[in-house]
2 protein chains.
Amino acid sequence: MYFINNKEYKCSVAVTLDIFNDRWKLAVIWHLLDNSKRFKDLHEDIAEITQKTLTVKLKELEEKNIINREVFPEVPPKVVYSLTPIGEQLKPVLKEMYKWGIKYVEDYGELTNDNLCDAEFKISK
Amino acid sequence: MYFINNKEYKCSVAVTLDIFNDRWKLAVIWHLLDNSKRFKDLHEDIAEITQKTLTVKLKELEEKNIINREVFPEVPPKVVYSLTPIGEQLKPVLKEMYKWGIKYVEDYGELTNDNLCDAEFKISK
DNA sequence: CTGGATCCTTTATGATACTG
DNA sequence: CAGTATCATAAAGGATCCAG
């Protein structure tokens, strides 16, 4: 039995699922795997998300100690997001998701070009 | 570039994230990892979900070829859900989520008893 | 026991405009 | 550039009742 902020979990997998039970958080992590990024860059990477939702998700991830937020006092402002150590450790999870996605597409989808994301770089090491 | 039902994905990880972007599907998979189960048993395993939502999620997973639904013509009815081959292959994903959850709790949570879920059994092999 | 049907609430996300 | 604020919508989920 686990407790996090007075919330109870029967199993550690429930902890993970509870944190990443929305549409975007893991996608954000994915795009931070290879590099720290500015807000703008993340927004370009994940074009389908709105600015507001991205802001919300980044804040949630920061509160859960999964990403760092670093502010540079410049004009115009510069804010850089990066993975914390525990955030870095999500790489195996995303690596397996990446591999599973390929298998799923092989069986039930269609491949038109090559993988366009630089996944090899992201999940290496 | 991938296509699944006329939907376009830049990366295979996006396929996986798009399928499992809700609160319950991966939890259902988790509870099917060790065994086929009846509707009732799944509902007991995941007590927080309502009957309706469980029904919806099972249907979605079946449509995506991730679980099988087998109906036994008995009275009262008996329906058994199990993982398809591609569903089985989600085990590494959940295994990594399980491991990450433990690390996260070690850093930011509290362990009161032992793991109560039979995770060892689920993710072995 | 399984799960459809209906109605309702909550939460997530989006669109748009605005600011230091 | 990196947000905030506001308003609006859609989607997910819940409660309840009912039926084969």
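Residues numbered from 1 in each chain as written. Chains lettered and ligands numbered in written order. Predicted model: local features only at pLDDT ≥ 70, side-chain atom pairs only at ≥ 80, totals over all residues. Heavy atoms only, no water.

- As recorded in an unreviewed UniProt entry, chain A goes by the name Transcriptional regulator, listed as coming from Malaciobacter canalis.

1. Comments concerning the protein's contact with DNA strand D
Stage number 1. DNA strand D sits among 20 residues. The nearest are K40, Q51, R69 and Y81 of chain A together with K52 of chain B.
Stage number 2. Close to the protein, within 4 Å, the atoms of DNA strand D are drawn from sugar and phosphate at a rate of 62%.
Stage number 3. Taking P77 of chain A, its main chain carries an N or O atom lying 3.2 Å from a sugar or linking oxygen of DNA strand D.
Stage number 4. Note that a phosphate oxygen of DNA strand D is positioned 3.1 Å from one of the side-chain N or O atoms of K57 of chain B.
Stage number 5. Examining the composition of the surface near DNA strand D, we find that 4 residues originate from one element, helix α4 (residues 51-63) of chain A, more than from any other.
Stage number 6. The residue inventory of the surface near DNA strand D, partitioned by class, reads 7 nonpolar, 4 polar and 9 charged. (Near = heavy atom within 4 Å. Polar contact = N/O pair within 3.5 Å; in protein donor to acceptor, adjacent residues only side chain to side chain. Helix = DSSP H or I, 4+ residues; strand = E, 2+ residues; numbered from the N terminus. Nonpolar A, V, L, I, M, F, W, Y, C, P; charged D, E, K, R; others polar.)

2. Quick notes on the sheet that holds strand β5 (residues 78-83) of chain A
Residues and elements named next belong to chain A.
Stage number 1. Strands sit in the order β3-β5-β4 across an open sheet of 3 strands; the sheet is antiparallel. Where the open sheet ends on each side, the last strands, each with one partner, are β3 (37-38) and β4 (67-72).
Stage number 2. Two strands pair when backbone bridges link them, and β3 and β5 are joined in this way by 2 bridges, in the antiparallel orientation. Within the sheet, the bridge partner assigned to R38 lies in β5 and is V80. (Pairing = 2+ DSSP bridges.)

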